[in-house]
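Spelled out, the chains give:
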Amino acid sequence: MNYDVVIIGVGVVGSAVALGLAQQGHKIAIVDKSSVPPNSPRHLSVNKKSSAFLDLLGVWDAVKPSSMPYSRIQAWDREGTGKVEFSAQDIGENNLGFIVKEGDLQKYLISSLEQLGVDIFWSKELINISDKGDLVEIILDDGKKLISSSLLGADGISSKVRELCNFQIKSWSYDQQAIVGQIDSDEKLDDVIRQSFTKYGPLALLPINSSQMTMIWSVDNKSLKDLSELDDDLFLEKLQLEFGGKTRNLKFSSQRFTFPLKHLTAVGFAKGRIAILGDAAHHVHPLAGLGLNSGLGDAESIVKLFSKYPAIKVETIFKQYSNERLPINIGLAAAMELFKRGFGNQNIWLKTVRNLTFKFVDNQQEIKNTFVKLATTL
Ligand SMILES: Cc1cc2nc3c(=O)[nH]c(=O)nc-3n(C[C@H](O)[C@H](O)[C@H](O)COP(=O)(O)OP(=O)(O)OC[C@H]3O[C@@H](n4cnc5c(N)ncnc54)[C@H](O)[C@@H]3O)c2cc1C
């Protein structure tokens, strides 16, 4: 079977790029090793640029009603006195973005792909790729061969496309694990994302509706055991103590899950007719909640380049895509590294500097507005 573009990975990034390209009339196949369409219970923050792109794809109206808009982000140093607040009001907006269920995004993207008649191959794992110069052969684990003018790898952090095509990477461990879970509160929650930089690592609470929030606590490996061994009640006691602020009656409405955290950036995102995007191309610390947004930014860039230059070769489109998105993602990775190192260090001088920096930034409206604009338009 011949395709214009074959995409590996029906994650949010892969299905978004597939939908954008299918809507332009390209013949698309998308492949995933999972056996069933995913319905992830995770909640992620989606910035304004991503929601505008999802709107362009025609899925935002379906996702928006169950999403939670947030209008402020507050962050503070639990080990000091520094704090900073970013507000939508300061940039003349109603909100800074939305907290959405990943499963909702997946559901509406996949049903739109099905309506357009895109070939979706579930339970099929990519095994081999052969770049023939003017086309690419993609071999799946059942022996099926797909022939395509181009290939996109949206197959996540352990990307097989990246590995098989020898994309060079820079990667290191953050020496942290993210503990995530969903928490019920007996008090009405407001539309604020809060993040406390604790001695264990950054702890973020994101409201997902008026009575539930999602927790992401990035904990240093050396302290992980101390927290993991606590039962839910003791864990929540510790959480409230480390988070600061008033005590609420909290209880977990999901299990706690743990993910190792690492940084990864490919040195280039394109090689001839093959390109990688989303977590396959770059993966950053979740403390700013920008990984998916940055992946959707990649998808949007590819979709726009295909519509802007329909007559030029796919190699040129992919090269332009890489040139456009690589610097943005390297900048994001550098900023996350600075945060991670700045807040992971217990050195008294560094603690003083970071608290002064927090206070300084909180008083500088121009700097705050620039941060917010960057984080919402990545
Ligand atoms: C704790 C935590 C919290 C986060 N919070 C946020 C947030 O609030 N906001 C935000 O923007 N980002 C956040 N992120 C980052 C975000 O989750 C990721 O950047 C995003 O989900 C990546 O999407 P993707 O589609 O690129 O990859 P994935 O979602 O990993 O999808 C990859 C797909 O490829 C398939 N696949 C893999 N290998 C193969 C193969 N060989 N053959 C066939 N199929 C294959 C997989 O089955 C999967 O379906 C967070 C990350 C973590 C760890």
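Up top you'll find the structure we're talking about.
Residues numbered from 1 in each chain as written. Predicted model: local features only at pLDDT ≥ 70, side-chain atom pairs only at ≥ 80, totals over all residues.

S.K.: What exactly am I supposed to notice about the site of the ligand here?
M.R.: The full set close to the ligand counts 32 residues, and Gly9, Gly11, Gly156, Gly278 and Gly291 are the nearest of them. Of all the secondary structure elements, the ones that give two or more residues to the shell around the ligand are α1 (12–23), β3 (43–47), β12 (169–185) and α8 (291–308). For the shell around the ligand, the element with the most residues is α8, which contributes four residues. Its residues placed into classes, the shell around the ligand shows 15 nonpolar, 11 polar and six charged. Inspection of the shell around the ligand shows a minimum of three residues originating in each of domain 1 (2–69 + 97–171 + 262–344) and domain 2 (174–260 + 347–376). (Near = placed C-beta within 6 Å. Helix = DSSP H or I, 4+ residues; strand = E, 2+ residues; numbered from the N terminus. Nonpolar A, V, L, I, M, F, W, Y, C, P; charged D, E, K, R; others polar. Domains from an automatic or database assignment.)

S.K.: Explain the environment of Lys160 here, please?
M.R.: Mapped onto the secondary structure, Lys160 falls in helix α5 (residues 160–164). A residue is classified by how many C-beta atoms lie within 10 Å of it, and Lys160, with 19 of them, is partly exposed. Measuring from C-alpha to C-alpha, the distance between Lys160 and Glu125 comes to 9.3 Å, with 35 residues separating the pair along the chain. The contacts of Lys160, once residues within four sequence positions are left out, are Leu126 and Asp155. (Buried ≥ 20, exposed ≤ 12 C-beta atoms within 10 Å, placed from the backbone. Contact = placed C-beta atoms within 7 Å.)

S.K.: What should I look at first to understand the environment of Ile73 in this one?
M.R.: Locating Ile73 in the fold gives a position in strand β5 (residues 72–77). Expressed as a C-alpha distance, the spacing of Ile73 and Leu206, which sit 133 residues apart in the sequence, is 9.5 Å. Discounting chain neighbours no more than four positions away, the residues touching Ile73 are Phe86, Leu96 and Ile193.

S.K.: Can you walk me through the sheet that holds β3 in this structure?
M.R.: The antiparallel open sheet is built from three strands, whose spatial order is β3-β7-β4. Either end of the sheet is taken by a strand with one partner, and the two such strands are β3 and β4 (68–70). For this sheet, the mean inter-axis angle between neighbouring strands, taken without regard to orientation, is 30 degrees. With three bridges connecting them, β4 and strand β7 (residues 97–101) associate as antiparallel partners. Considered in β7, the bridge of Tyr70 is made with Gly97. (Pairing = 2+ DSSP bridges. Axes fitted to C-alpha atoms, helices over the stretch in contact; angles between N-to-C directions.)

S.K.: I keep staring at the pairing of β5 and nothing clicks. Help me out?
M.R.: One face of the sheet, then the other: side chains in a regular strand alternate in exactly this way. Looking at chain direction, β5 and strand β6 (residues 83–87) are connected through five bridges and run antiparallel. Residue pairing across strands places Gln74 opposite Glu85, the latter belonging to β6. Two elements, β5 and strand β13 (residues 192–197), share six bridges in a ladder whose sense is parallel. Bridged to Asp77 within β13 is Phe197.

S.K.: Whenever I open this one, the environment of Ala29 confuses me. Can you help?
M.R.: Here Ala29 shows up in strand β2 (residues 28–31). A sequence separation of 21 residues divides Ala29 from Ile8, and the C-alpha atoms of the two residues are 8.5 Å apart. Sequence-distant contacts of Ala29, that is, excluding residues within four places in its chain, are made with Tyr3, Val6, Asp119, Phe121 and Leu146.

S.K.: Where do I start with the packing of α1 against α8 in this structure?
M.R.: The angle between the axes and the distance between the axes are what describe a pair of packed helices. Interhelical geometry of α1 versus α8 gives an angle of 20 degrees and a closest axis separation of 9 Å. When the axis of α1 is compared with that of α8, the two are roughly parallel. Judged by the twist between their axes, the crossing of α1 over α8 is right-handed. Across the interface between the two elements, Val12, Val13, Ala16, Val17, Gly20 and Leu21 of α1 pack against Leu292, Gly295, Leu296, Asp298, Ala299, Ile302, Val303 and Phe306 of α8. Residue composition of the contact of α1 with α8, grouped by class: 11 nonpolar, two polar and one charged. (Parallel < 35°, antiparallel > 145°, perpendicular 65-115°, else oblique. Left-handed = near helix turned anticlockwise from the far one by under 90°.)

S.K.: I tried to follow the packing of α1 against helix α4 (residues 102–115) on my own but got confused; where do I start?
M.R.: The interhelical angle for the contact between α1 and α4, taken along N-to-C directions, is 30 degrees, at an axis separation of 9 Å. One way to sum up the angle between α1 and α4 is to call them roughly parallel. For the crossing formed where α1 meets α4, the hand is left-handed. Where α1 abuts α4, its residues Val12, Ser15, Ala16, Ala18, Leu19 and Ala22 lie against Glu102, Leu105, Gln106, Leu109, Ile110, Ser112 and Leu113.

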